[in-house]
Amino acid sequence: MKRSRFTEEQIIGILKEHEAGVSVADLCRKHGVSDASIYKWKAKYGGMDVSEAKRLRTLEEERHHLAPRAHTDLSRHRRHRTNSMAPTQSSARSCPVTFWVRQCAPSS
């Protein structure tokens, strides 16, 4: 992920300037960003203090580190569930209905 040129503290400072009455166009010229960046920051950090923004960053980093592990656990659970529910080869061949259903059922 691309790193921002501005820290959360700087972004919140820019947003405080906007709340004080400075226009978005003036902020864009002063800080060298687009108006889309200002509005994106306002949606993400609007009304936050610096401490809240730091807490948000730590939560996002924690989620980033936990997401691959959760995906691996879920995949392992699904694989185990499908293996334990599948009939054995001998039972599928001995029962023609089960064999036919498994061959003709659409794959999901």
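Our structure's up above, just so we're on the same page.
Computed from a predicted structure; not experimentally measured.

A. Summary view of the packing of aromatic side chains. The full count for this structure, using the stated rule, is one aromatic pair. Ring centres of Phe 6 and Trp 41 lie 5.4 Å apart, and the angle between their planes is 75 degrees; this geometry places the pair in the edge-to-face category. Residue Phe 6 is found in the segment before α1 (8-19), and its partner Trp 41 is found in helix α3 (residues 35-45); the two are separated by 35 residues along the sequence. A relative accessible area of 9% means that Trp 41 is categorised as buried.

B. Structural context of the nonpolar core. Judged by nonpolar contacts, the single largest core of 14 residues is most densely connected at Phe 6, Ile 11, Ile 14, Ile 38, Trp 41 and Tyr 45. Of all elements in the fold, only α1, α2 (24-31) and α3 reach the threshold of two or more residues within this core. Per element, the largest residue contribution to this core is four residues, and it comes from α1. With residues near it in sequence (within four places) discarded, Ile 11 still touches Ser 4, Phe 6, Trp 41 and Tyr 45.

C. Focus on the side chain of Glu 8. When you line up the elements, Glu 8 lands in helix α1. Engagement of the side chain of Glu 8 in a polar contact is seen with the side chain of Arg 57, the distance being 2.9 Å. In contact with Glu 8, not counting residues within four places along its chain, are Tyr 45, Ala 53 and Arg 57.

D. Spotlight on α2. Among the residues of α2, those classed as buried are Val 24, Leu 27 and Cys 28. The arc that holds the buried residues of α2, viewed along the axis, is 100 degrees, so those residues lie on one side. With respect to the buried face of α2, the exposed residues turned more than 90 degrees away are Arg 29 and Lys 30. Tucked into the core, α2 has its buried residues touching α1 and α3. In the segment just after α2, Gly 32 is the residue with positive phi, at about 70 degrees.

E. Layout of the pattern of salt bridges. Across all of its chains, the model carries five salt bridges by this definition. Put simply, Lys 54 and Glu 9 hold a salt bridge, and the shortest N to O gap is 3.6 Å. With a gap of 45 residues between them, Lys 54 in helix α4 (residues 50-85) and Glu 9 in helix α1 connect regions that are remote in the sequence. For Lys 54, a relative accessible area of 38% translates into the label partly exposed. In this structure Glu 9 comes out as partly exposed when scored by relative accessible area, which is 30%. With a closest N to O distance of 2.4 Å, Arg 29 and Asp 26 form a salt bridge. With Arg 29 and Asp 26 both in helix α2 and three residues apart, the pair spans about one turn of that helix.

Parameters at a glance
- Residues numbered from 1 in each chain as written.
- Predicted model: local features only at pLDDT ≥ 70, side-chain atom pairs only at ≥ 80, totals over all residues.
- Heavy atoms only, no water.
- Phe/Tyr/Trp six-rings, centres within 6.5 Å; stacked < 30°, edge-to-face > 60°.
- Helix = DSSP H or I, 4+ residues; strand = E, 2+ residues; numbered from the N terminus.
- Buried < 20%, exposed > 50% of the residue type's maximum accessible area, 1.4 Å probe, protein only.
- Core = buried A, V, L, I, M, F, W, Y, C linked by side-chain atoms within 4.5 Å.
- Contact = heavy atoms within 4.5 Å.
- Polar contact = N/O pair within 3.5 Å; in protein donor to acceptor, adjacent residues only side chain to side chain.
- Arc of directions from axis to C-beta.
- Salt bridge = Lys/Arg side-chain N within 4 Å of Asp/Glu carboxyl O.

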